[in-house]
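Reading the structure
Single-letter residue listing:
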Amino acid sequence: MKKVLIACVTLILLIGIVGCGKNTSTSGEASKNDKEIKVITTAGGYPFNATNPKTNKIEGFIIDIVNEVAKRSDVKTQISTGEWNSLIPSLQSGKADVIADAMYITNERKKQINFTEPVFGFGEGLIVPEGDKKTKSLKDLKGKVIGVQMGTSFKDMLEKENKDLNIKVKTYQTLSDLLKDIQTNRIDAALADAPTFSYFKAKNPNMKYRIVEGYVPSLTGEVGIGVSKDRPELVKKFNKAIQEMKADGTLKDIYKKWGVDWDFN
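How each quantity is defined
Residues numbered from 1 in each chain as written. Predicted model: local features only at pLDDT ≥ 70, side-chain atom pairs only at ≥ 80, totals over all residues. Heavy atoms only, no water. Helix = DSSP H or I, 4+ residues; strand = E, 2+ residues; numbered from the N terminus. Areas by Shrake-Rupley, 256 points an atom, 1.4 Å probe, with all protein chains shown as cover. Core = buried A, V, L, I, M, F, W, Y, C linked by side-chain atoms within 4.5 Å. Buried < 20%, exposed > 50% of the residue type's maximum accessible area, 1.4 Å probe, protein only. pLDDT = per-residue confidence, 0-100. Contact = heavy atoms within 4.5 Å. Axes fitted to C-alpha atoms, helices over the stretch in contact; angles between N-to-C directions. Parallel < 35°, antiparallel > 145°, perpendicular 65-115°, else oblique. Nonpolar A, V, L, I, M, F, W, Y, C, P; charged D, E, K, R; others polar. Arc of directions from axis to C-beta.

Notes on the overall build of the protein
Of the regular secondary structure elements, the protein holds nine helices and 13 strands. For the protein, the computed accessible surface area is about 12700 Å², with 49% contributed by carbon and sulfur atoms.

If you want it as structure tokens, here you go:
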């Protein structure tokens, strides 16, 4: 059973950090140098990827994984940020070579870009305002408004699998805006990556939302490093590095550093 164990960070960091990814340009072209790759990420939030407000450097366990994979593949990384919806188009247009984010490997996405073998796995989490003590599943939210981040698989899941519940889906550009609305009762519930909800709640127990314990994810998936179709040689090199990192314990060490875990065996 694949499971996620999450550490912590503050809501203040969330709001400040998520905003950082929003204003950074993704202009430029993918590297033509075999010794350098351009990596794009949303820097959307800990523990996956975020901009450290003190150092202004992008960090997180997905970033650490990509940097280590690149190092073992004898290439340097140049990291920039962009909106979630710009990630795949950036690879297709040649603005970047690699995506480092919490992006599920799906058949539809594999038509547009290549993926390495999985480096992490997780499912969605459900949160409600702290005053809601009754909601246990999506069935308890019939006719209500659920917030999701724009461009995520969770939005598609709600629209396709829960039409009988008459759920109204409200989309958000950033997770920080979504969390603001759940805490001020502007929406009835929210879906996002389970690791992220637990991560922030653990750091700041006073955040005014409740994680629905016992919620069974409808959409679980595995995350891989996204690679441009124009750089097929990177997939082979990266997969070799990932296998080495699994075997020698490096991948587990990165998980431990960021307070997450995944059983990849």
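Describing the nonpolar core
If you look at the biggest cluster of nonpolar residues, it comprises 52 residues, and the most contacted ones within it are F61, I65 and L191. Elements with a contribution of two residues or more to this core: β1 (36-41), α2 (61-72), β7 (120-129), β8 (145-149), α5 (153-161), β10 (189-193), α8 (232-248) and α9 (250-258). For this core, the leading source of residues is α2, giving seven residues.

Re unusual backbone geometry
A cis amide bond links Y46 with the next residue in sequence, P47, at an omega value of 5°. Unusually for a residue other than glycine, N56 sits at a positive phi of about 65°. Counting through the fold element by element, N56 comes out in the loop between β2 (50-51) and β3 (58-59). Of note, the phi angle at D74 is positive, near 65°, even though the residue is not glycine. In this structure, D74 sits in the loop between α2 and β4 (76-81).

Brief notes about the confidence of the model for the protein
Residues with a pLDDT of 70 or more make up 88% of the protein, whose mean pLDDT is 86. Low confidence marks residues 1-28, where pLDDT is under 50. Its contacts with residues over four positions away, or in another chain, come to 76 contacts.

Section: the packing of α8 against α9
For the pair α8 and α9, interaxial distance at closest approach is 5 Å and the crossing angle is 75°. Judged by the angle between their axes, α8 and α9 are roughly perpendicular. For the pair α8 and α9, the contacting residues are M245, K246 and D248 in the first and T250, L251 and I254 in the second. Each residue belonging to the contact of α8 with α9 can be placed in one class, and the counts come to three nonpolar, one polar and two charged.

Here we look at α9
For α9, the set of buried residues is T250, L251, I254, Y255 and W258. Taken end-on, α9 shows its buried residues confined to a sector of 145°, consistent with a single buried face. What points out from α9, more than 90 degrees from its buried face, is the exposed set D253 and K256. Looking at the packing, one finds that the buried side of α9 touches β3, α2, β7, α7 (194-203) and α8.

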